[in-house]
Amino acid sequence: MSQLNSQQAAPAMQELKVGVIGGGFMARTHADAIRRAGAQLIGVRSNGEQSTRQASAALGVPGFGSVEALLAQCDAVHVTSPNALHAEQAASALAAGLSVVCEKPLATSAREAGELALLASRSRAVASVPFVYRYHPMVRQARAHVQEGKLGRLLTVRGQYLQDWMHTVSDSNWRVEPAKGGPSRAFADIGSHLVDLLEFIAGERIVRLNATTSIAHKQRGAVDVDTEDAAALIVQMASGAIGTLMVSQVNAGRKNALTIELSGDRSALEFKQEKPEELWIGKPDMSSILSRQAADLSPDAARLSVVPAGHPMGYLDAFAAFVADTYAAIRREAPDGLPTFADGARACRLTDAVLESADSGDWIDTDD
Ligand code: SOE
């Protein structure tokens, strides 16, 4: 049973006992961040005995015989299992009084994600989703540029998230199987990051979208593929601004190319995840590249800028900052910009809308 409940004071960091569910690349990434945050990683449970033994050896912690047995020993748990297991495992953890970090997509439908977000809102536990790109300092700088009015009235948005790890027909992954990955593949996996980051930086919502999707290979191994490799969207923002978003996991040579551009009536900005130490600022008379320099940073960007300029910060730093903020929230602090289950449910709502629009060809309202 969790040692953390609504009456008890939040534990000091080194007392926070944390477990990981899952055994892949993301489980290792979460484990690194858990340890950097000063919590105790006490165990892991993956899918089956052999996978749990492998995860136990990889993470250097005991493997547990079941998710339930792991939850009974933790104050918090990180869910990194295949998508279709997220909702059930996160709900079990919340029911046991644990705080939860659940990988995106929060669930494989907006309905399920909404129910989970409601459950989390009714508990005193912390429930977050690793939309970790929010944690690059220059993303916070971009958000401050908008908040301080330097962008002006938003006119257009442009976003893309391109990878190539599903490029060839021999590439496959559990996400190709709808029973494990859910009805959306590429958009649920990385489009969720793109729309979360767009709404986070812009400070306003996508209110309607029109989408189309494509499948690059109708068969991958023994699996008949019916989930998308790519999605193209037209979006309209709450302010009336319009734009285009492109999500693809079959773009040769693109590894993790997430790019967001906002253009306003005073200036424009562009953030590229593969060059996270920079922020392009566009103006009619002069454009510039801001680099992560302490003197120029907004307070929120400075908070995340944990090493001096010239010491490149990257993906693992963003992940560590996200986990540290989650644990700060467990200590009843209020870190700015923590992505919660409500944000996870928002991304699932937009994912459902993409599939609905791709099926019908209609514009879908998404401001609910
Ligand atoms: C694979 O597409 C993946 O690992 C995503 O699942 C992560 O969320 C993203 O940050 C990197 O790419």
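Residues numbered from 1 in each chain as written. Predicted model: local features only at pLDDT ≥ 70, side-chain atom pairs only at ≥ 80, totals over all residues. Heavy atoms only, no water.

1. With respect to the sheet that holds strand β14 (residues 278-282)
Thinking step 1. Read across the open sheet, the nine strands follow the order β15-β14-β13-β12-β6-β11-β10-β7-β16; overall the sheet is mixed. A single partner strand is all that each edge strand has here, and the edge strands are β15 (288-291) and β16 (364-365).
Thinking step 2. Note that strand β13 (residues 268-272) and β14 share three bridges and pair antiparallel. Note that in β14 the partner of L269 across the bridge is I281. (Pairing = 2+ DSSP bridges. Helix = DSSP H or I, 4+ residues; strand = E, 2+ residues; numbered from the N terminus.)

2. Concerning the side chain of S81
Thinking step 1. By the element assignment, S81 lies in the loop between β3 (76-79) and α4 (83-95).
Thinking step 2. We classify S81 as buried; its relative accessible area is 6%.
Thinking step 3. Ignoring sequence-local partners within four residues, the contact set of S81 consists of I21, G22, H86 and Q89. (Buried < 20%, exposed > 50% of the residue type's maximum accessible area, 1.4 Å probe, protein only. Contact = heavy atoms within 4.5 Å.)

3. Some remarks on the packing of aromatic side chains
Aromatic ring pairs are reported here in terms of the distance separating the ring centres and the angle at which the planes meet.
Thinking step 1. Evaluation of the coordinates by the stated rule reveals five aromatic pairs.
Thinking step 2. Aromatic pair Y133 and Y161: ring centres 6.2 Å apart, planes at 75 degrees, arrangement edge-to-face. Placement of the pair is Y133 in the loop between β5 (127-128) and α6 (137-147) and Y161 in strand β6 (residues 154-162), with a sequence separation of 28 residues. Across this residue pair, the class does not change: Y133 and Y161 are buried.
Thinking step 3. Arranged with centres 6.1 Å apart and planes meeting at 40 degrees, the rings of Y133 and Y315 form a pair that is tilted. Placement of Y133 in the loop between β5 and α6 and of Y315 in helix α10 (residues 315-330) is noted, with a sequence separation of 182 residues between them.
Thinking step 4. For Y133, a relative accessible area of 5% puts it in the buried group.
Thinking step 5. In this structure an aromatic cluster arises from ring pairing among Y133, Y135, Y161, Y315, F319 and F322.
Thinking step 6. Over the aromatic face of Y135 sits the side chain of R140, whose NZ or CZ is 4.6 Å from the ring centroid.
Thinking step 7. In this structure, R208 is placed above the aromatic ring of W363, and the distance from its NZ or CZ to the ring centre is 4.1 Å. (Phe/Tyr/Trp six-rings, centres within 6.5 Å; stacked < 30°, edge-to-face > 60°. Lys NZ or Arg CZ within 6 Å of the ring centre and 35° of its normal.)

4. Observations concerning the sheet that holds β3
Thinking step 1. Strand order in the open sheet formed by five strands is β2-β1-β3-β4-β5, with parallel pairing between adjacent strands. One side of each edge strand has no neighbouring strand; the edge strands of this open sheet are β2 (40-45) and β5.
Thinking step 2. Seen against the sheet, α4 touches β1 (17-21), β3, β4 (99-102) and β5 and runs at an angle of roughly 165 degrees to β4. (Axes fitted to C-alpha atoms, helices over the stretch in contact; angles between N-to-C directions.)

5. Thoughts on the pairing of strand β11 (residues 242-248)
Looking down a regular strand, the side chains alternate between one sheet face and the other.
Thinking step 1. Of the strand pairs in this sheet, β6 and β11 are connected by seven bridges, and their pairing is parallel. Within the sheet, the bridge partner assigned to Y161 lies in β11 and is V247.
Thinking step 2. Relative to β11, strand β10 (residues 230-237) is paired through seven bridges, and the arrangement is antiparallel. The residue of β11 that forms the bridge with A230 is S248.
Thinking step 3. Two successive antiparallel strands, β10 and β11, enclose a turn made up of four residues, where G240 displays a positive phi of approximately 100 degrees.

6. A short note on the nonpolar core
Thinking step 1. Core analysis: the largest hydrophobic core is formed by 72 residues, its most contacted members being I201, I206, L209, L233, L262, L269 and Y327.
Thinking step 2. Taken together, domain 1 (13-128) and domain 2 (134-309 + 340-365) each give at least three residues to this core, which thus spans both.
Thinking step 3. Formed by 30 residues, the second largest nonpolar core is a distinct cluster that contains I42, C102, A125 and V129. (Core = buried A, V, L, I, M, F, W, Y, C linked by side-chain atoms within 4.5 Å. Domains from an automatic or database assignment.)

7. A few points about the domain arrangement of the protein chain
Bring the parts together and some accessible area is lost; that lost area is often taken as the interface size.
Thinking step 1. The assigned domain composition of the protein chain is domain 1 (13-128) and domain 2 (134-309 + 340-365).
Thinking step 2. Placing the centre of domain 1 and that of domain 2 at their C-alpha centroids yields a distance of 25 Å.
Thinking step 3. Taken together, the contact between domain 1 and domain 2 spans 21 residues of the former and 18 residues of the latter.
Thinking step 4. Approximately 1400 Å² of surface area, both sides summed, lies buried where domain 1 meets domain 2, with 70% of it carried by carbon and sulfur atoms.
Thinking step 5. In terms of surface lost to domain 2, no three residues of domain 1 exceed N83, K104 and A110, which account for 32% of the buried area on that side.
Thinking step 6. Our enumeration of links across domain 1 and domain 2 arrives at one salt bridge.
Thinking step 7. Joining domain 1 to domain 2, the criterion identifies six residue pairs in polar contact (both at pLDDT 80 or more).
Thinking step 8. Residue contributions to the side of domain 1 that touches domain 2 peak at six residues, all from helix α5 (residues 110-121).
Thinking step 9. Among the residues making up the side of domain 1 that touches domain 2, the classes are represented as 15 nonpolar, five polar and one charged. (Buried area = accessible area lost by both parts, 1.4 Å probe. Salt bridge = Lys/Arg side-chain N within 4 Å of Asp/Glu carboxyl O. Polar contact = N/O pair within 3.5 Å; in protein donor to acceptor, adjacent residues only side chain to side chain. Nonpolar A, V, L, I, M, F, W, Y, C, P; charged D, E, K, R; others polar.)

8. Quick word on unusual backbone geometry
Thinking step 1. In the segment running from K104 into P105, the intervening peptide bond is cis, with an omega of -10 degrees.
Thinking step 2. With respect to the helices, strands and loops of the structure, P105 is situated in the loop between β4 and α5.
Thinking step 3. Positive phi is not limited to glycine here, since R332 has a value of about 70 degrees.
Thinking step 4. Positionally, R332 belongs in the loop between α10 and α11 (341-360).
Thinking step 5. Relative accessible area serves as the criterion here: at 37%, R332 is assigned to the partly exposed category.

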